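# Coordinate analysis (summary)
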Amino acid sequence: MSHTPTGTEPAQPPSEDDHAFFGQPRGLMTLSGLEVWERFSFLGMQAILVLFFAAEVSDDGMGMDPGTAASVSAAYGTLVYLVSVAGGWLADRILGSYRAVLYGGILIACGHYAMAVPTATMTWVGLGLISAGTGLLKPNVASMVGKLYSTRDQRRDAGFALYYMGINIGAFAGPLVTGWLGEHAGWHWGFSAAAVGMTLGLVQYVAGRRHLAGRKHAAEYALAPGPMRRAVLTITAGIVVAALVATALVLAGWLTMDRFVDVLTLVSVIAPVVYFVVMFRSPRVTPEERGRLRPYVVLFLASVVFNFILFQAYSTMMLLASTNARTEIFGFHFPASWYASALGAFEVALAPVVATAWARMGTRQPHASNKIAIGVILGGLSFLLMVLPTSGHADGTYEMAAWWIVGSYLLLGLGDVLLETSGMSATTKLAPKAFASQTMALWFLSLALANGIQAQIVKLYGEVSNPAYFGVNGAIAVAAGVAVIAAAPWLKRTMHPVH
């Protein structure tokens, strides 16, 4: 479809904003604040979601077996990040990044309010709304962070590290609140807290909008009026038809939960392949930009491997914590879902350390590909560590010390800070100009693929021994990280201007 740029330069915030937030642009505080509350709501809900699925119906849960609960939770994550493709395209061609993020946040808040209603139907409606809203918000808010910096700005990686620290403040606080409410008041009270958190995030986002770079009423590469009308009608009709077909298949008994999970996994594999092909063949992508996409494929696959491990912090690791880990430290008892806060706490603590290190090292800091490779290796080691406390038990009634899971999350948290900040920063640098928001969405498609694979692999949890499960998955991740390090010479040559 044809498109017309609506402006040659994005709207810029006041000049005094450039170093107003710890030496970073003032807009970084607005976007980080939004992510604090978005992650508070999203990960606060996700920390109790798999436990809610696995809880008995008599305990207001869904009554699923652990493997199915983990698989459905992963499938929900797959859907969240698959929708990010549409979110990136809508921002580029119709809405613009600012409005895409705003409308996405509104959908997320509505989804959490729906999940606060204690019925199964509203649970699924809420998860659908959250999936749609996150797909609009996530790729575009990260792209807006990238717009605060020039490509060669040495503060860029440090800025993304601070942004990621904001994400993990929410990741730390969310499970503390929702976990306590879920255990002491009921699961749906936990979901209510997530709704309030997202509402607060929207309020501060709108209040700080003048500090954001690239804030426009229209998209930077908006479709012409005729194609835009056709696109809106096509999207609306597609949503209606898909809903009708899905309803008919459910009523006919064909679209079961297991088949829905399988379909999402298949789509998560096909979507990034198609998307890469479209970008490589697009006439709007220059030969130089196309050359930078090739090393990006390697970074994409590294992200898939790492996030396959990371997302299990909210599925298999949460199930393991609820059945085989002590929920007491120094005499203080806590909900099992609070383990998820340890991951956020480590990332909050480590992100400024990493940001400071990169800022001080300047041009001497490790290449982005090596940062990502080390992150993948640390993710693998976090699973290999779990082989030790889960080995040598005659049955599944043992309880490991809390420090084993905390130690695993320490490794995982450091790996996440290294990989995600460098990966998101590199993505905004390597993105073809005509696909800016959509290339950020492609990074999130790596998260969809990681969840899609997880949705199948976690079915083995409980079917094979825990040492075998964590050991094999961890070893594969370590091997993948070593492979990226081996490819470093080629990556350094081809990833210009990424250093």
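What you see is a predicted model; the values in this text were computed from it and never measured. (Residues numbered from 1 in each chain as written. Predicted model: local features only at pLDDT ≥ 70, side-chain atom pairs only at ≥ 80, totals over all residues. Heavy atoms only, no water.)

The grouping of Leu266, Val269, Ile270, Val274 and Val278 at the surface amounts to a nonpolar patch, some 420 Å² of accessible area in total. Locating valine 269 in the fold gives a position in helix α8 (residues 257–281). (Patch = residues over 30% accessible without salt bridge, like charges linked within 9 Å, V, L, I, M, F, W, Y side chains within 5 Å. Areas by Shrake-Rupley, 256 points an atom, 1.4 Å probe, with all protein chains shown as cover. Salt bridge = Lys/Arg side-chain N within 4 Å of Asp/Glu carboxyl O. Helix = DSSP H or I, 4+ residues; strand = E, 2+ residues; numbered from the N terminus.)

In this structure, Met45, Tyr339, Ile405 and Tyr409 are the most contacted members of the largest nonpolar core, which totals 94 residues. Leaving out residues up to four positions away in the same chain, tyrosine 339 has contacts with Met318, Ala321, Ala325, Arg326, Thr327, Phe334, Ala402, Ile405, Val406 and Tyr409. (Core = buried A, V, L, I, M, F, W, Y, C linked by side-chain atoms within 4.5 Å. Buried < 20%, exposed > 50% of the residue type's maximum accessible area, 1.4 Å probe, protein only. Contact = heavy atoms within 4.5 Å.)

Right, let's talk about empty space enclosed by the protein for a bit. Evaluated as defined, the whole model comprises 2 cavities of 30 Å³ or more. Reported here for the largest cavity is a volume of approximately 300 Å³. Around the largest cavity sit 25 residues that line it, and Arg39, Tyr81, Tyr164, Leu310 and Phe311 are the ones nearest its centre. Of all the secondary-structure elements, those providing two or more residues to the lining of the largest cavity are α1 (27–54), α2 (66–95), α5 (156–184), α9 (287–310), α11 (339–361), α14 (402–430) and α15 (436–457). Taken together, the residues that form the lining of the largest cavity break down as 14 nonpolar, 6 polar and 5 charged. (1 Å grid on protein atoms, 1.4 Å probe; cavity = no way out; pocket = protein on both sides within 12 Å on 5 of 7 lines; lining within 4 Å. Points joined across faces, edges and corners; volume = space filled by probe spheres on them. Nonpolar A, V, L, I, M, F, W, Y, C, P; charged D, E, K, R; others polar.)

Evaluated as defined, the whole model comprises 3 salt bridges. A salt bridge links glutamate 38 to arginine 39; the shortest N-O distance between them is 2.6 Å. Of the two residues examined, glutamate 38 and arginine 39, each falls in the buried class. Lysine 459 is the partner of aspartate 262 in a salt bridge, and the nearest nitrogen-oxygen pair spans 3.4 Å. Placement of the pair is aspartate 262 in helix α8 and lysine 459 in the loop between α15 and α16 (466–486), with a sequence separation of 197 residues. Lysine 459 sits in the partly exposed class, given a relative accessible area of 31%.

Now for helix α6 (residues 187–207). Under the 1.5 Å per step criterion, the end-to-end length of α6 is 32 Å for 21 residues, consistent within 8% with the ideal 30 Å. Along α6, the residues that are buried comprise Trp187, His188, Gly190, Phe191, Ala193, Ala194, Ala195, Gly197, Met198, Gly201, Leu202 and Tyr205. (Expected span 1.5 Å × (residues − 1).)

The next subject is the packing of α1 against helix α4 (residues 120–146). Here α1 crosses α4 at 150°, and the two axes come no closer than 11 Å. Judged on the interaxial angle alone, α4 and α1 are roughly antiparallel. Crossing angle aside, the handedness with which α1 passes α4 is left-handed. Contact with α1, carried on its side by Leu28, Leu31, Leu34, Glu35, Glu38, Arg39, Phe42, Met45, Leu49, Phe52 and Phe53, involves Thr123, Trp124, Leu127, Ile130, Thr134, Leu137, Lys138, Val141, Met144 and Val145 of α4 and no other residues of that element. Classifying every residue of the contact of α1 with α4 gives 15 nonpolar, 2 polar and 4 charged. (Axes fitted to C-alpha atoms, helices over the stretch in contact; angles between N-to-C directions. Parallel < 35°, antiparallel > 145°, perpendicular 65-115°, else oblique. Left-handed = near helix turned anticlockwise from the far one by under 90°.)

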